[in-house]
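Observations on chain architecture
Listed below, chain by chain, are the residues.
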Amino acid sequence: MTKKDILAILKTALSLFIICAVTAGIVAGVNALTAPTIEKNEIASANAAKSAVLSDAVQFEDIVLSDGSTAYIGKSAGGETVGYVFRSASSGYGGKIEIMTGFNTDGYITGVQILSIDETPGLGLNAKKDSFLNRFKETNSFLSVVKDSEAGENEILALTSATITSRAMVKAVNEARAYFDELSEK
């Protein structure tokens, strides 16, 4: 290798380094500019989900559970506790599924909302439909998933061709139930 070849290689490497550094700087700048908006949108989405799963509440107070996670006490306009909202997650077929589950003070589920899901379109994403989410309402105990039959008490009929997603949803709802039971024992 001649000195001329070495200089050409160094010149190319330096050019690539500069291009990468500038690109990384631009990406970091865009991230810094959009981070507050993204955070604001996530908070608004979480607040909307809380209101959707516990519609009797007009305000929510944060509480910290024994595992360090945050839950919410739903209060009426008069300041009375009307229920609780818990955030939980489980692994589905396409990744992590995050949900919010609302409970009234008697322990009945008032609603379930999906915060994030990345399941197969037309199969697992059917979990977002009200027809599936409403299956959880008015239950007051731990649930299980059944396939190919009619769901009985404390059972959720799996989505067609999406049993893994259905089990993940039930697992997340059962996690919320465990949080509710933890609060009820205090």
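Rules of the game
- Residues numbered from 1 in each chain as written.
- Predicted model: local features only at pLDDT ≥ 70, side-chain atom pairs only at ≥ 80, totals over all residues.
- Heavy atoms only, no water.
- Helix = DSSP H or I, 4+ residues; strand = E, 2+ residues; numbered from the N terminus.
- Polar contact = N/O pair within 3.5 Å; in protein donor to acceptor, adjacent residues only side chain to side chain.
- Phe/Tyr/Trp six-rings, centres within 6.5 Å; stacked < 30°, edge-to-face > 60°.
- Core = buried A, V, L, I, M, F, W, Y, C linked by side-chain atoms within 4.5 Å.
- Buried < 20%, exposed > 50% of the residue type's maximum accessible area, 1.4 Å probe, protein only.
- Contact = heavy atoms within 4.5 Å.
- Pairing = 2+ DSSP bridges.
- Expected span 1.5 Å × (residues − 1).
- Bend = angle between axes of the 7 residues up to and from the residue.
- 1 Å grid on protein atoms, 1.4 Å probe; cavity = no way out; pocket = protein on both sides within 12 Å on 5 of 7 lines; lining within 4 Å.
- Points joined across faces, edges and corners; volume = space filled by probe spheres on them.
- Nonpolar A, V, L, I, M, F, W, Y, C, P; charged D, E, K, R; others polar.
- pLDDT = per-residue confidence, 0-100.

1. Section: the environment of Asn 47
Position of Asn 47 relative to the elements: it lies in helix α1 (residues 3-53). On a C-alpha basis, the gap between Asn 47 and Phe 60 in space is 8.9 Å, while along the polypeptide they are 13 residues apart. Only 3.1 Å separates the side chain of Asn 47 from the side chain of Lys 50, close enough to count as a polar contact.

2. Considering the packing of aromatic side chains
Scanning the entire structure with this criterion turns up six aromatic pairs. Pairing Tyr 84 with Phe 180 gives two aromatic rings, centres 5.9 Å apart and planes at 70 degrees, and the pair type is edge-to-face. One end of the pair, Tyr 84, is in strand β3 (residues 81-91); the other, Phe 180, is in helix α3 (residues 163-184), and 96 residues separate them in sequence. Put simply, the rings of Tyr 84, Phe 86, Phe 103, Tyr 179 and Phe 180 pair up and form one aromatic cluster.

3. What to know about the nonpolar core
Phe 86, Ile 99, Val 112, Phe 136 and Met 169 are the most contacted members of the largest nonpolar core, which has 30 residues in total. Of all elements in the fold, only β2 (70-75), β3, β4 (96-104), β5 (109-116), α2 (130-133) and α3 reach the threshold of two or more residues within this core. The greatest single-element share of this core, amounting to nine residues, is contributed by α3. Leave out the neighbours within four places in its chain, and Val 112 touches Val 53, Ile 99, Met 100, Thr 101, Leu 133, Phe 136, Met 169 and Val 173.

4. Focus: the pairing of β4
Bridge count between β3 and β4: nine bridges; the pairing is antiparallel. The residue of β4 that forms the bridge with Tyr 84 is Phe 103. Hairpin connection, β3 to β4: the antiparallel pair is bridged by four residues, and Gly 95 has positive phi, about 135 degrees. Across six bridges, the pairing between β4 and β5 is antiparallel. Each residue of the ladder has a partner; that of Thr 101, found in β5, is Val 112.

5. Remarks on α1
Here α1 contains 51 residues, and its C-alpha end-to-end distance of 71 Å stays within 8% of the 75 Å for a straight helix at 1.5 Å per residue. The principal kink in α1, of about 40 degrees, is found at Thr 34, preceding the proline Pro 36 by one to four residues. Taken as a whole, α1 has its buried residues at Ala 46, Ala 49, Lys 50 and Val 53. Where α1 is buried, its residues meet β1 (59-64), β2, β3, β4 and β5.

6. A look at the layout of surface pockets
Over the atoms a probe the size of a water molecule is rolled, and this reveals where empty space is left. Approximately 150 Å³ is the volume found for the largest pocket. Of all the secondary-structure elements, those providing two or more residues to the lining of the largest pocket are α1, β5 and α2. The element best represented in the lining of the largest pocket is β5, accounting for four residues. Residues belonging to the lining of the largest pocket are distributed by class as follows: five nonpolar, five polar and two charged.

7. Some points on the confidence of the model for the protein chain
The predicted model of the protein chain averages 91 in pLDDT, with 99% of residues at 70 or higher. Mean pLDDT across the elements of the protein chain bottoms out in strand β7 (residues 155-157) (87) and peaks in β4 (96).

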